[in-house]
Amino acid sequence: MEQEQKYPTEKLKCWNGAKEIRMKYYKDYAEAHDKGGLRWAGGAWTFDAIPAGLGDDVFPITSEPYGATIAFDKELSIECMEAAEKEGYPRDLCSYMRNYWGSIIIDKYPFGYNDKKEFVPRFEGAKALGFPKPDFIWQDHICCSHAKWYQVVSDLEGGIPMFTVDNAVGPSHELTDSKIKYVVEQLKDGIKFLEKVTGRDYDDELLYKAIRNHFISTSKWAEICALNKAVPAPLDEKSIYSLYVLGTLQKAGEQVADFYEKNLLPEVKQRVKKGIAAIPNERYRVMSDTQPPWSFLSIFRYLEKFGCVSVGSLYTFGLIGQWEVKKDGTWGPKTIPEIEFSSRDQALYEYVKYELHKPEWQHFYSCHLKSDMMIRIAKEWKLNGVMLHYNRGCEGLTVGIAENRLALLEAGYPVMAFEGNNADEREFDEARTKAKINAFMETLGAK
Amino acid sequence: MEVLKMITIGIDIGAKNIKVVILKDNKIIAKSNVLAGFEVTKSAQEAIDKALKKVGLTKKDLDKTISTGTGEKLAPFYDDTKSIVGCDSLAAVFLHPQTRTVIDVGAEEGRGMRCDETGKILDFEVNEKCAAGAGAFTEAMSRALEVPLEEFGALSLKATEEIPMNAQCTVFAESEVVTMVHNKVSKANMAKAVHDAMASRISSMVRKIGFNKDVALVGGVAKNVGFVDSLNKDLGLELFVPKDPEYVGALGAALAAAGWKGGK
């Protein structure tokens, strides 16, 4: 295997900053009531700028990253999965969801305080807190599991006020004024609902600020990912997972927008300028797809033995990043709308119009839209091949993946498919996956 | 073809058996096959010793060793490893130069691969986490029907009817067999149903990667004439089945150790 160190490399300077934001997020949620604040729960895709209008002391916990966080704590994840199964929820349901439900059933939060009273993950020595019950649920609905997810959460918790927005209005290239307004009207109803269940007055200025943060987070994240077109890639996908997650936690939050814009983006730009590589022996470039098997991120490190770097995926680029086709025909960050918000209606309209272009929503309508985006990434990010995760834990993002495989092959990209589960480690075979990677690396000529 | 000037050894550590091939000057000079058992490294050593003894060689005479198979890292010694799909492709092209698609059905899993004229893999697929597409399936079914495994293939050629078996899983298939027994279906027809079901699973995997008319079937299950017949019919072609198909992986490893490539 090639071990030549072709490029300089160094750790990301803002790495610890990202970790701190994540820990503070889970701490703020857990401690919200101690400070007179509110807690809300909803998906990582939800229109999270809306609850921001209730005040700066309203803290979210988004469901998918929470499920992934539990998955990373293997012992806790098994406990949660088994608890959910014992309640009769079958194994073929979304594995994030089963982790989440299990966490409620066994009443364990994956964080808590250690002996020094520091807030740390359970696997770093904290005594797990009980699951902090949300005050309300703010969800949206495009994935088949999303609405049901919180119906069960509410049932398990003995009833939580819930509002769900139907945003499945079709692909972005067919977006019309009436479709945008259909979602806007639901958000307006949602605001009234939030005022009613929290007893708080809604502050439109806070809403405007949150929408601006949303624009910055999603556009700047795309800009960061676009920088990974560089050879050598400044970021590897294992690191990208730890960075994109901030957007899934609170993309409308100022701390996330600031981090992407003021910390990460300048640093990645510098890395590209100086030729600092994510892996020093980069010779081959691949991408993955859908959520990874979170308990086994080591497979991405395994690639490095062959001088192979996974530079990202449609999933990591497009779950948070907002993109547009630039004048030269390539994909780049979506231009942030330069509009002064003057009314709730106008702000919501711009927010929805912008957000309905999310790449990861498009393939719910057609796997061919996803194939087109994947082939674009393969070309523009200069890939040698693709690793597809046939993810049994997320049918929403995995459906159509076999069609994507065929399209990528037809476009001339070698593809390796491996089976697994994003959050249920019982459905991932590490040894066999590594054996497949060995064979795939031979196919690419890396071995 | 390039003439080999060295003595190389290929070790294929499969789920059930360990196969060893020693190659010299483009020819197989020795081979051995032992059960993997629980002490795999010890069994692999035994297989190597057995093959070396046949031709009066010792480890010192070997120029290069390559290990492959699911237990490749458990070989007692090796200079390098190579994926089993890579070894299969190389050896299949060596044995039958027109080969561009290879199907390997072993005890534990089924694999399909497309390769070029040099034997390099272009695409591959593995039927994993399911015994219904592997040799373990026929073993379980022959046990259920109380027919020796060696006779199971030939028995199915005597079938008079095609009975569909819908099971996608060995466990459920066994319960379907029980139903067939109750319905007094003949053992030959049941054996054919098993092979047809397995062939259907394997052909579905192969269709994912695509195939042409030159398809080689290798691995231990290729010795099962009933399965070969079912797969021939399912794919609509005549598969190339080499002599001693279970040794193809080990042969590929030995060829890789010698630096052999097809198309020359």
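Residues numbered from 1 in each chain as written. Chains lettered and ligands numbered in written order. Predicted model: local features only at pLDDT ≥ 70, side-chain atom pairs only at ≥ 80, totals over all residues. Heavy atoms only, no water.

Please clarify how the interface of chain B and chain A should be interpreted in this entry.
For an interface, size is often stated in terms of accessible area lost upon the parts coming together. Of the residues lining the interface, 20 residues belong to chain B; the matching set on chain A comes to 20 residues. Taking both partners together, chain B and chain A bury about 1600 Å²; carbon and sulfur atoms supply 40% of that area. Our count for the contact surface shared by chain B and chain A stands at four salt bridges. Linking chain B with chain A are seven residue pairs in polar contact (both at pLDDT 80 or more), by the criterion used here. In terms of residue count, strand β8 (residues 121-127) of chain B provides more of the side of chain B that touches chain A than any other element does, six residues in total. Taken together, the residues of the side of chain B that touches chain A break down into six nonpolar, three polar and 11 charged. (Contact = heavy atoms within 4.5 Å. Buried area = accessible area lost by both parts, 1.4 Å probe. Salt bridge = Lys/Arg side-chain N within 4 Å of Asp/Glu carboxyl O. Polar contact = N/O pair within 3.5 Å; in protein donor to acceptor, adjacent residues only side chain to side chain. Helix = DSSP H or I, 4+ residues; strand = E, 2+ residues; numbered from the N terminus. Nonpolar A, V, L, I, M, F, W, Y, C, P; charged D, E, K, R; others polar.)

Help me out: how do you make sense of the packing of aromatic side chains in this one?
Between two aromatic rings, the relevant description is the distance of the centres plus the angle of the planes. Scanning the model with the defined rule gives 40 aromatic pairs over all chains in all. Both rings, one in A:Tyr241 and one in A:Tyr244, keep their centres 6.3 Å apart while their planes meet at 70°; by these two values the pair is edge-to-face. Taken as a pair, A:Tyr241 and A:Tyr244 lie in helix α9 (residues 237-250) at a separation of three residues, close to a single helical turn. The same class applies to A:Tyr241 as to A:Tyr244, namely buried. The interplanar angle of 85° and the centroid separation of 5.1 Å between the aromatic rings of B:Phe94 and B:Trp260 together place this pair among those described as edge-to-face. In this pair, B:Phe94 sits in helix α2 (residues 84-95) while B:Trp260 sits in the segment after α8 (248-257), placing the two residues 166 residues apart along the sequence. Residue B:Phe94 is classed as buried on the basis of its relative accessible area of 14%. Residue class for B:Trp260 comes out buried when judged on its relative accessible area of 2%. Taken together, the aromatic side chains of A:Tyr25, A:Tyr26, A:Tyr29, A:Tyr66, A:Tyr100, A:Tyr109, A:Phe111, A:Tyr113, A:Phe119, A:Phe131, A:Trp149 and A:Tyr150 make up a single cluster linked through ring pairs. In this arrangement the basic side chain of A:Lys229 is found over the ring face of A:Trp381, its NZ or CZ atom lying 4.7 Å from the centre. Stacked on the ring of B:Tyr247, the Lys or Arg B:Lys31 has its end atom at 5.3 Å from the ring centre. (Phe/Tyr/Trp six-rings, centres within 6.5 Å; stacked < 30°, edge-to-face > 60°. Buried < 20%, exposed > 50% of the residue type's maximum accessible area, 1.4 Å probe, protein only. Lys NZ or Arg CZ within 6 Å of the ring centre and 35° of its normal.)

For this particular structure, what's the right way to read the domain arrangement of chain B?
All names here are of chain B. In terms of domain boundaries, chain B breaks down into domain 1 (1-82 + 246-264) and domain 2 (97-241). Put simply, the middle of domain 1 and the middle of domain 2, counted by C-alpha atoms, are 26 Å apart. Opposite the nine residues of domain 1 that make contact, domain 2 presents 12 residues. Counting each side, the surface lost to burial between domain 1 and domain 2 is near 750 Å², with a carbon and sulfur contribution of 63%. Considering only the surface of domain 1 that becomes buried against domain 2, Lys16, Thr70 and Glu246 emerge as the three largest contributors, covering 49% of it. The interface formed by domain 1 and domain 2 holds two salt bridges in total. For the pair domain 1 and domain 2, the interface holds four residue pairs in polar contact (both at pLDDT 80 or more). Looking at the side of domain 1 that touches domain 2 residue by residue, the classes come out as three nonpolar, three polar and three charged. (Domains from an automatic or database assignment.)

Whenever I open this one, α2(B) confuses me. Can you help?
Structurally, the α-helix is built with 3.6 residues per turn, so residues lying three or four positions apart point the same way. All names here are of chain B. In a regular helix each residue adds 1.5 Å, so 12 residues correspond to 16 Å; α2 covers 16 Å between its end C-alpha atoms and thus fits that length. Here α2 lies mainly inside the structure; 11 of its 12 residues are buried. For α2, every residue scored as buried is listed here: Ile84, Val85, Gly86, Cys87, Asp88, Ser89, Leu90, Ala91, Ala92, Val93 and Phe94. (Expected span 1.5 Å × (residues − 1).)

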